[in-house]
Amino acid sequence: MSNPTKDEVQLSANGPEGTKRQSVKRKPSKGRVSAQGSRGSKKTKRTTKSQPLPNIEVKVDPQQPDEFDPIRPEEEYNVIFRPNAGPQTEFLASGEREVLYGGAAGGGKSYAMLADPLRFMGHSAFSGLLLRHTNEELRELVWKSQEMYPKIWPGIKWSERKMQWVAPSGARLWFSYLDRDDDVLRYQGQAFSWIGFDELTQWHTNFAWDYMRSRLRSTAPDLPVFMRATTNPGGPGHSWVKKMFIDPSPPGFSFNATDIESGKTLAYPKGHSKEYQPLFKRRFIPAMLSDNPHLYDQGDYEAMLLSLPEHQRKQLLEGNWDVAEGAAFPEFDRNIHAIDPFDIPNNWVKFRACDYGYGSYSAVVWFACTPAEQLIVYRELYVSKVLATDLADMVMDMESGDGNIKYGVLDSSCWHKRGDTGPSLAEQMNQKGCRWRPSDRSAGSRVSGKNEIHRRLQTDEYTEEPRIKFFNTCTNIIAQLPIIPLDKKNPEDIDTKSEDHLYDAMRYGIMSRPRFSIWDFDPTHQSPSSYVPSDSTFGY
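For every chain, the first residue of its written sequence is number 1, and the numbers climb from 1 along that sequence. Selection of residues for local features in this predicted model requires a pLDDT of at least 70, selection of side-chain atom pairs for listing and counting requires 80 or more, and totals for whole chains, interfaces and linings are taken over all residues. Each side-chain value is derived from all of the structure's non-hydrogen atoms; neither hydrogens nor water enter the calculation.

Visitor: Mind laying out the overall build of the protein, listing which residues take part and the relevant values?
Guide: When helices and strands are counted, the protein shows 14 helices and 18 strands. Note on exposure labels: buried denotes an accessible area under 20% of the residue type's maximum, exposed denotes more than 50%, and partly exposed covers the range between, all computed with a 1.4 Å probe on protein chains only. Here the protein holds 540 residues, and the buried ones make up 43% of them. In what follows, residue pairs with any heavy atoms lying within 4.5 Å of each other are defined as contacts. Contacts in the protein between residues at least 24 apart in sequence constitute 68% of all its contacts with a sequence separation of at least 6. For the accessible areas, the method is Shrake-Rupley and the probe is 1.4 Å, while residue cover comes only from the protein chains on display. Carbon and sulfur atoms form 50% of the exposed surface of the protein, whose accessible area is close to 30500 Å². Helix and strand labels come from DSSP, where a helix needs a run of H or I of at least four residues and a strand needs a run of E of at least two; each type is numbered from the N terminus.

Have a look at this one:
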């Protein structure tokens, strides 16, 4: 008995050769059919014993080719898009309300953005919006979608007039642009369950992002709402994107959404049923060129990125958010200058510096001077709309456990009475017990202060350590210092229109000539892990 596929099947049983097994669905006959008599004849009627089932043995002929395709693994099917392992997969699987996928160029961001809304295109109530800054930039996304979507969703239709994809389920995905802040009014009154911003740093401010969040809603309980963004470091909106997604948390970790101005967690108001609970979560997922093997393995794109100027190379190849074009302090390196907090010995010299502002920001920075005269910035205070007297109370409360604060340096303009006869801002703070002395604001002090910060940031050739370090809990100054721009008219100074309050406070403190003296040694407060002098009286 031959098999038409490729196998030779041999049947063997204890009964006669060629005996067939009865169908299990057919009722067994009451008699056998003999060659002499008719069916059911009493003469031929006899009881038969049940025969054992035949043993089936399959022999494969390796010489005979396949006539039918066997069932193959999933990867043999026509896969239109499969996310790369790592960041791209994490982005598509993220459950946070707002997620930024960015970093180095070539990480597969655009394809990930196009693929993310497809998981909802089977839902009739889905309405999505994918935005670029200009209409010209939008065309590339449209072309890529026209290449992908019809293969993934058979029957999906593209409307050039509406710039919209419509799935057979009725789900809609709109491609549009948002050039000016006024353009957000085009979406007023509309609702979307998914909104994506491609190249988020192309928007100068966070106005468009915040406004479009108000368009995010869904009436279907099984249809969640999401905002997604992709971008590289750099661009007009580098600073606000960094504040919103990069600075609040280490990369890859989910965190409660914060206000980018105050740094406070966005929470439900008092009296709400969810009083003081966080509103939603955000997440930043970094991507590198090496995460996209389709582009990285070729090597050509990496060579092109390596040929760029240093600041662009760090942004586009390394995905570094701590550099910016025209930055005043490119030598700042988070991996070198930011350190984990530790207990500061009480015998180290401690002092503080402040740049006061009510309408903008008040910045206070606390320093500790090591025996090697390396400065440690161990605390910061960054607040707005705070009166001078209230700021004095806040400063004294925060440093109550620090021991002796040797001195404080305050912006000398706080001593100016500016035509009034009452006490100056500095006098009000001093009367509260928060003592200050005026900073140096003489001619040339800004330039010399900037030069001293450069010197402090450099690595000492003998100690192989920078002359200043920052506790990584000082998130605002770590975020602002590397992206402070130079003054285009005076490259010896920074741009005073930038966010420079913490920079000015740090400059005041560094220029106060901080010194560590052996006379500051206190053996009763010596840290167990610090240096033990030979003479406990003189401290050396």
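From this point, things continue past the structure.
Visitor: Give a description of the packing of helix α12 (residues 445-457) against helix α14 (residues 501-510) that names residues and reports values.
Guide: The convention used is that axes are lines fitted to C-alpha atoms, helices contributing only their stretch in contact, and that angles between N-to-C directions extend from 0 to 180 degrees. The N-to-C vectors of α12 and α14 enclose an angle of 85 degrees; their axes lie 9 Å apart at closest approach. Considering the angle they form, α12 stands roughly perpendicular to α14. Each of Ser445, Arg446, Gly449, Lys450, Glu452, Ile453 and Arg456 in α12 lies in contact with α14, whose residues at this interface are Tyr503, Asp504, Met506, Arg507 and Ile510. Three classes are used: nonpolar for Ala, Val, Leu, Ile, Met, Phe, Trp, Tyr, Cys and Pro, charged for Asp, Glu, Lys and Arg, and polar for all others, with Gly counted as polar. Per-class residue counts for the contact of α12 with α14 are four nonpolar, two polar and six charged. Under this scheme an angle from 65 to 115 degrees is roughly perpendicular, one under 35 degrees roughly parallel, and one over 145 degrees roughly antiparallel; angles in between are oblique.

Visitor: Kindly report on the pattern of salt bridges, identifying the contributing residues and their values.
Guide: Note on definitions: salt bridges are taken to be side-chain nitrogens of Lys or Arg within 4 Å of carboxyl oxygens of Asp or Glu. Under the defined criterion, the tally for this structure stands at 26 salt bridges. We note a salt bridge from Asp322 to Lys242, for which the minimum N-O separation is 3.6 Å. Of this pair, Asp322 sits in the loop between α8 (310-316) and α9 (334-337) while Lys242 is found in helix α5 (residues 238-246), placing the two residues 80 residues apart along the sequence. Lys242 shares its class with Asp322; the two are buried. Here the residues in one salt-bridge network are Glu98, Asp210, Arg213 and Arg282, joined through shared partners.

Visitor: Tell me about the packing of aromatic side chains, and please be specific about residues and values.
Guide: To describe a pair of aromatic rings, you give the distance between the ring centres and the angle between the ring planes. For Phe, Tyr and Trp, rings pair up if their centres lie within 6.5 Å, where Trp contributes its six-membered ring, and each pair is then called stacked (planes under 30 degrees apart), edge-to-face (over 60) or tilted (otherwise). The final tally for this structure, using the stated rule, is 20 aromatic pairs. Taking the centre distance of 6.3 Å and the plane angle of 40 degrees together, the rings of Trp174 and Phe192 count as tilted. Of this pair, Trp174 sits in strand β7 (residues 172-177) while Phe192 sits in the loop between β7 and β8 (194-198), and the two are 18 residues apart along the sequence. Taken together, Tyr149, Trp158, Trp165 and Phe175 form an aromatic cluster joined through their ring pairs. Charge-over-ring contacts are defined here by two conditions on Lys NZ or Arg CZ: a distance within 6 Å of the ring centre and an angle within 35 degrees of the ring normal. Here Arg437 stacks its cationic end above the ring of Tyr407, 4.0 Å away from the centre of that ring.

Visitor: Explain the sheet that holds strand β15 (residues 375-383) residue by residue, including any values.
Guide: Here, strands pair whenever DSSP counts at least two bridges between them. Spatially, seven strands are ordered β12-β18-β15-β14-β13-β16-β17 in an open sheet, and the strand pairing comes out mixed. Strands at the two margins of the open sheet, each flanked by one partner only, are β12 (338-339) and β17 (437-438). Both strand β13 (residues 349-355) and strand β14 (residues 362-369) contribute to a ladder of seven bridges, which runs antiparallel. When the sheet's bridge partners are listed, Arg352 is paired in β14 with Trp366. Packed onto the sheet, helix α10 (residues 388-398) meets β13, β14 and β15 and runs at close to 140 degrees relative to β15.

Visitor: Any chance you could break down α10 for me, citing the residues and the numbers?
Guide: Listing the buried residues of α10 in full gives Ala388, Leu391, Ala392 and Val395. Across the axial projection of α10, the buried residues extend over an arc of 105 degrees, all falling on one side. Contacts made by the buried residues of α10 are with β13, β14, β15 and α11 (425-431). Picture the helix axis, draw a direction to every C-beta atom, and the arc is the one those directions span.

Visitor: Requested: an account of the pairing of strand β3 (residues 98-103), with residues and values cited.
Guide: For β3, the tally of buried residues reaches six of six residues, placing the bulk of the element in the interior. Here β3 shows no split at all, with Glu98, Leu100 and Gly102 on one side and Val99, Tyr101 and Gly103 on the other all buried. Examined bridge by bridge, β3 and strand β9 (residues 226-231) share five bridges and lie parallel to one another. Bridge pairing links Val99 to Arg228 in β9. Of the strand pairs in this sheet, β3 and strand β11 (residues 281-287) are connected by six bridges, and their pairing is parallel.

Visitor: Tell me about α5, and please be specific about residues and values.
Guide: Most of α5 is tucked away, with seven of its nine residues classed as buried. Burial in α5 covers these residues: His238, Trp240, Val241, Lys242, Met244, Phe245 and Ile246.

Visitor: Break down the side chain of Asn430 for me, citing the residues and quoting the values.
Guide: Mapped onto the fold, Asn430 is located in helix α11. Judged by relative accessible area, which is 15%, Asn430 ranks as buried. We call two N or O atoms a polar contact when they sit within 3.5 Å, provided that within protein one can donate a hydrogen and the other can accept it, with sequence-adjacent residues counted only if both atoms are side-chain atoms. From its side chain, Asn430 meets the backbone nitrogen of Trp436 in a polar contact 2.9 Å long. Setting aside chain neighbours within four positions, we find Asn430 in contact with Trp415, Arg435 and Trp436.

Visitor: Please give an account of the sheet that holds β3 that cites residues and values.
Guide: An order of β5-β6-β7-β4-β8-β9-β3-β11-β10 is seen for the nine strands of this open sheet, with the pairing classed as mixed. Taken across any chain shown, the strands that pair with only one partner, and hence form the sheet edges, are β5 (157-159) and β10 (254-256). Sheet twist, expressed as the average angle between the axes of neighbouring strands with direction ignored, equals 20 degrees. Pairing of β10 with β11 involves three bridges; the strand directions are antiparallel. If you follow Phe255 over to β11, its bridge partner there is Arg282. With respect to the sheet, helix α3 (residues 135-152) is in contact with β4 (127-132), β5, β6 (164-166), β7 and β8, its orientation differing from that of β7 by roughly 155 degrees.

Visitor: Which residues make up the nonpolar core, and what values do they have?
Guide: Within this scheme, the nonpolar core is defined by two criteria: the residues are buried Ala, Val, Leu, Ile, Met, Phe, Trp, Tyr or Cys, and they are joined through side-chain atoms within 4.5 Å. Phe367, Leu391, Phe470, Leu481 and Met506 are the most contacted members of the largest nonpolar core, which totals 59 residues. Counting residues in each nonpolar core, the second largest holds 51 residues, with Ile156, Leu173, Val184 and Phe226 among its members.

Visitor: Go over the pairing of β9 with me, naming the residues and quoting the values.
Guide: Looking along a regular strand, one sees side chains alternate from face to face of the sheet. Most of β9 sits out of view: six of its six residues are buried. Burial of the side chains of β9 extends over both faces: Phe226, Arg228 and Thr230 are buried on one face and Met227, Ala229 and Thr231 on the other. Looking at chain direction, β8 and β9 are connected through five bridges and run parallel. Residue pairing for β9: Ile195 is matched across the bridge by Met227. Seen with its strands pointing away from the viewer, a crossover is right-handed when the path leading from the first strand over the helix to the second is clockwise. For the crossover from β8 across helix α4 (residues 207-213) to β9, the handedness is right-handed.

Visitor: For the side chain of Asn206, give the residues involved together with the corresponding values.
Guide: Considering the arrangement of structural elements, one finds Asn206 in the loop between β8 and α4. Only 2.6 Å separates the side chain of Asn206 from the side chain of Asp210, close enough to count as a polar contact. Not counting residues within four places of it along the chain, the set of residues in contact with Asn206 comprises Trp240, Met244 and Ile260.

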